[in-house]
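Topology and contacts: notes
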Amino acid sequence: EFPYRERRWLIHTGEEAKEHGENYTFVWTDTKPKHESGLRYEAEKADFNKSQSEVEHYFGASEQAFLKLGEGSEGINWTVKVDEQASYSFGFVFASAQQGKTSMELWVNDQKIIDSLDFPETRPLFTGWDIVKINANLKAGENRISLKSRGLNRLNVDYLWVPEAAPEQVVR
């Protein structure tokens, strides 16, 4: 759950919005996040270039703060620990003021996994958070997960969410 706020704006983009004939739709809701239990790695506690990015305080963010990546920011780096080597589905909770989309490179353990990870805009309200989920292999122990700039950034990152345990493998 989101213990730091009781209600939030839920913004639908992509296919969910197109069902309503819009580019985006929003509702004031009491919904649970799009992920269940897991570990939250706060963006403002991650490794980032402090001269190009800044921590902003906002009541609607986890722990009432988020990281505002500045223009030309190099990106953000988290150190994440998991117990098992497996493919994990993890996500970035964000808000984007960039018109259209913001694209970042995704790196795991110093290897580029995704050249252009897209974060859709959450405007015009800019009061809601969305999540981008991806799958990637993580090794047992510490892993370095990085979002790196692809040029102009206007991305606000609340946190990185990682499941507490590796997903169960289905054997047929």
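Keep in mind that this is a model prediction, so the values were computed, not measured.

Summarising the element assignment, N77 is placed in strand β7 (residues 75-82). There is a polar contact of 2.5 Å between the side chain of N77 and the side chain of S146. Ignoring sequence-local partners within four residues, the contact set of N77 consists of A46, D47, R144, I145 and S146.

We now examine unusual backbone geometry. A positive phi angle, close to 55°, is found at Q64, a residue other than glycine. Within the secondary structure layout, Q64 lies in the loop between β5 (53-57) and β6 (65-69). For Q64, a relative accessible area of 38% translates into the label partly exposed. Here D110, not a glycine, exhibits a phi torsion of approximately 65°, which is positive. Inspection of the secondary structure assignment puts D110 in the loop between β9 (101-108) and β10 (111-120).

Among the structural elements, E84 can be located in the loop between β7 and β8 (86-96). Judged by its relative accessible area of 46%, E84 falls in the partly exposed class. Sequence separation of E84 and A140 is 56 residues, and the distance between their C-alpha atoms is 4.5 Å. Excluding residues within four positions of it along the chain, E84 makes contact with L138, K139, A140 and A166.

Taken as a whole and judged by the stated rule, the model has six salt bridges. Note that K101 is salt-bridged to D118, the shortest N-O span being 3.4 Å. Residue K101 is found in strand β9, and its partner D118 is found in strand β10; the two are separated by 17 residues along the sequence. The class of K101 is partly exposed, set by a relative accessible area of 47%.

A separate point is the pairing of β7. Of all eight residues in β7, six are buried, a share of seventy percent or more. Where strand β4 (residues 47-48) lies against β7, two bridges are found, and the strand directions are antiparallel. Residue D47 lies in a different strand from β7, and its bridge partner there is N77. The pairing of β7 with strand β12 (residues 141-149) spans eight bridges and is classified as antiparallel. The partner of I76 across the bridge, within β12, is L147.

Pairing in this open sheet of five strands is antiparallel, and the strands run β4-β7-β12-β9-β10 from one edge to the other. Either end of the sheet is taken by a strand with one partner, and the two such strands are β4 and β10.

Procedures and definitions
- Residues numbered from 1 in each chain as written.
- Predicted model: local features only at pLDDT ≥ 70, side-chain atom pairs only at ≥ 80, totals over all residues.
- Heavy atoms only, no water.
- Helix = DSSP H or I, 4+ residues; strand = E, 2+ residues; numbered from the N terminus.
- Polar contact = N/O pair within 3.5 Å; in protein donor to acceptor, adjacent residues only side chain to side chain.
- Contact = heavy atoms within 4.5 Å.
- Buried < 20%, exposed > 50% of the residue type's maximum accessible area, 1.4 Å probe, protein only.
- Salt bridge = Lys/Arg side-chain N within 4 Å of Asp/Glu carboxyl O.
- Pairing = 2+ DSSP bridges.

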